[in-house]
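# Structural features, examined
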Amino acid sequence: MTAAPTLPGTVTVRVPAKVNLQLKVGQRRADGYHDLATVFQAVSLHDQVSVARWDAWEVVPSGTYAAGIPTDEGNLAVRAAKLVAERCHIDESLSIRIDKDIPIAGGMAGGSADAAATLLACDQLWGLGLDRDEMASMAAELGSDVTFPLHGGTAMASGRGEQIAPVLARGTFYWVFAVSDQGLSTPAVYAECDRLRERSGERVPSPEIDAELMGALRQGDAVALGRALHNDLEPAAFSLRPELKELRDAGVDFGALGGMVSGSGPTVAFLTASHEAALDLSVSLAAADVAGDLRRAKGPVHGAHVVTGSRD
Ligand code: ATP
């Protein structure tokens, strides 16, 4: 049986998607991971995760992308809740409602965002008072992209992506995201990146964020930011999905300040000069019939935060 929409004591957390302004990928390490240097920006596409005590574990999907949400143990929100329960010796099961507005498998870290939201929601529901370090340690255990949505804003990440430092960014940036209806697997994109690099024999430098990007953020200069957008995984995403390159090129021809594949794709992110320019670009891309779903968002926005609910 599925829990009622709002069970007593429900805690709801709102959590943003991310875009990588730069994603630099180092050489594949012996453990199979890659060292990364990236700058994340949290953008105004949000999921809402609600947790409530229930007599069995369950996931209740809703929202724009409800159909793609796994409802089994593989859901990162369930893994996050179970990790908190295990660490804090709590023997209760939860109903977890996920209202999904972040595209699934789109390189916008929606699953990781839900995991981060669930950590915060469980902390509140169970009245645990977890500190920053405890949250960060659980986030890192769940996945390298789970830490950032707890912070939000604009931040630099290194290591596997879990070591986060805030970055000074002035102003608001306006984005258009062209969402594909067919996801791209993150491991497949990294494998393709390794394959392309091996074939070309290119030397892979250790990953570092460009000074131009940091300067553009400091100045709130959208034109300079557009020029500085960069993703080392883009050639791999283009190789697996050549139509993404056409889409990126079309967006830039239509006047975007910059465009690139977001994370491991297949979402293509376009930076524009203003809210109006984002609207214009969406209209042009829709008319040219080169993109699937088009979503507009602004960034930076706040990280995961409780919107309703308190401990009963
Ligand atoms: P990233 O940018 O971190 O690589 P992504 O945005 O490409 O992530 P997600 O939306 O996080 O991709 O989903 C990747 C896969 O994770 C999905 O195909 C899905 O099977 C699984 N998954 C597990 N939990 C969730 C969740 N809560 N929401 C969406 N997908 C989830």
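What counts, and where the lines are drawn
Residues numbered from 1 in each chain as written. Predicted model: local features only at pLDDT ≥ 70, side-chain atom pairs only at ≥ 80, totals over all residues. Heavy atoms only, no water. Helix = DSSP H or I, 4+ residues; strand = E, 2+ residues; numbered from the N terminus. Rg over C-alpha atoms; globule rule 2.2 N^0.38 Å. Buried < 20%, exposed > 50% of the residue type's maximum accessible area, 1.4 Å probe, protein only. Contact = heavy atoms within 4.5 Å. Lys, Arg positive; Asp, Glu negative; His and termini not counted. Charge placed at Lys NZ, Arg CZ, Asp CG, Glu CD. Near = heavy atom within 4 Å. Polar contact = N/O pair within 3.5 Å; in protein donor to acceptor, adjacent residues only side chain to side chain. Areas by Shrake-Rupley, 256 points an atom, 1.4 Å probe, with all protein chains shown as cover. Pairing = 2+ DSSP bridges. Axes fitted to C-alpha atoms, helices over the stretch in contact; angles between N-to-C directions. Left-handed = near helix turned anticlockwise from the far one by under 90°. Nonpolar A, V, L, I, M, F, W, Y, C, P; charged D, E, K, R; others polar. Salt bridge = Lys/Arg side-chain N within 4 Å of Asp/Glu carboxyl O. Parallel < 35°, antiparallel > 145°, perpendicular 65-115°, else oblique. Domains from an automatic or database assignment. Buried area = accessible area lost by both parts, 1.4 Å probe.

## Points about the overall build of the chain
Across its full length, the chain carries 10 helices and 12 strands. Taken against the 2.2 N^0.38 rule, which gives 20 Å for 312 residues, the C-alpha radius of gyration of the chain at 19 Å falls within 12% of a compact globule. Considering only C-alpha atoms, the chain reaches an extent of 55 × 45 × 35 Å along its principal axes. Buried residues in the chain amount to 53% of all 312 residues. Across the chain, contacts joining residues at least 24 apart in sequence account for 78% of those joining residues at least 6 apart. Of the charged side chains in the chain, 27 are positive and 40 negative, and the gap between their average positions amounts to 3 Å.

## With respect to the site of the ligand
If you check the shell around the ligand, you find 21 residues, and the closest are Ala 105, Gly 107, Ala 109, Gly 111 and Thr 186. For the ligand, an oxygen atom lies 3.0 Å from a polar atom in the backbone of Met 108. Within the backbone of Ala 109, one N or O atom sits 2.8 Å away from an oxygen atom of the ligand. For the ligand, the accessible surface in isolation is 610 Å², of which the surrounding protein chains cover 77%.

## A word on the sheet that holds strand 11 (residues 293-299)
Strand order in the open sheet formed by 4 strands is 9-10-7-11, and the pairing between neighbours is antiparallel. Two strands in the sheet have a free side with no partner beyond their single neighbour: strand 9 (258-261) and strand 11. Between one strand and the next, the sheet's axes are offset by a mean angle of 25°, whatever the strand orientation. Pairing of strand 7 (residues 173-179) with strand 11 involves 7 bridges; the strand directions are antiparallel. Counterpart to Val 179 in the pairing with strand 11 is Asp 293.

## A look at the packing of helix 2 (residues 110-125) against helix 3 (residues 132-142)
Between helix 2 and helix 3, the least distance of the axes is 10 Å, while the angle of their chain directions is 145°. Of the two elements, helix 2 crosses helix 3, and the hand of that crossing is right-handed. Residue-level contacts link Ala 115, Leu 119, Leu 120 and Asp 123 of helix 2 to Met 135, Met 138, Ala 139 and Leu 142 of helix 3. Considered class by class, the residues forming the contact of helix 2 with helix 3 number 7 nonpolar, no polar and 1 charged.

## Focus on the pattern of salt bridges
On inspection of all chains with the given rule, the structure shows 15 salt bridges. One salt bridge in this structure joins Arg 87 and Glu 141, with 2.4 Å as the shortest N-O distance. Taken together, the residues span a long stretch of sequence, with Arg 87 in helix 1 (residues 76-87) and Glu 141 in helix 3 at a distance of 54 residues. In this structure, the salt-bridge partner of Arg 248 is Asp 249, at a minimum N-O distance of 3.0 Å. Take Arg 248: its relative accessible area is 16%, and that puts it in the buried class.

## Description of the packing of helix 1 against helix 2
One way to put it is that helix 1 packs onto helix 2 with a least axis distance of 8 Å and a crossing angle of 30°. In this view, helix 1 runs roughly parallel relative to helix 2, as classed from their interaxial angle. Judged by the twist between their axes, the crossing of helix 1 over helix 2 is right-handed. For the pair helix 1 and helix 2, the contacting residues are Leu 76, Ala 77, Ala 80, Ala 81 and Val 84 in the first and Gly 111, Ser 112, Asp 114, Ala 115, Thr 118, Leu 119 and Cys 122 in the second. The residue makeup of the contact of helix 1 with helix 2, split by class, is 8 nonpolar, 3 polar and 1 charged.

## Let's talk about the domain arrangement of the chain
Domain boundaries assigned for the chain yield domain 1 (11-167) and domain 2 (173-299). Between domain 1 and domain 2, the C-alpha centre-to-centre distance is 23 Å. Counting residues at the interface gives 32 residues for domain 1 and 39 residues for domain 2. Buried surface at the junction of domain 1 and domain 2, both sides included, amounts to about 2800 Å², of which 60% is carbon and sulfur. Across the contact surface, domain 1 and domain 2 share 3 salt bridges. Notably, a salt bridge pairs Asp 210 with Lys 24, separated by 2.9 Å at the nearest N-O pair. Along the contact surface separating domain 1 from domain 2 lie 20 residue pairs in polar contact (both at pLDDT 80 or more). For the side of domain 1 that touches domain 2, the secondary-structure elements that each account for two or more residues are strand 1 (11-28), strand 2 (34-54) and strand 5 (154-159). Per-class residue counts for the side of domain 1 that touches domain 2 are 16 nonpolar, 11 polar and 5 charged.

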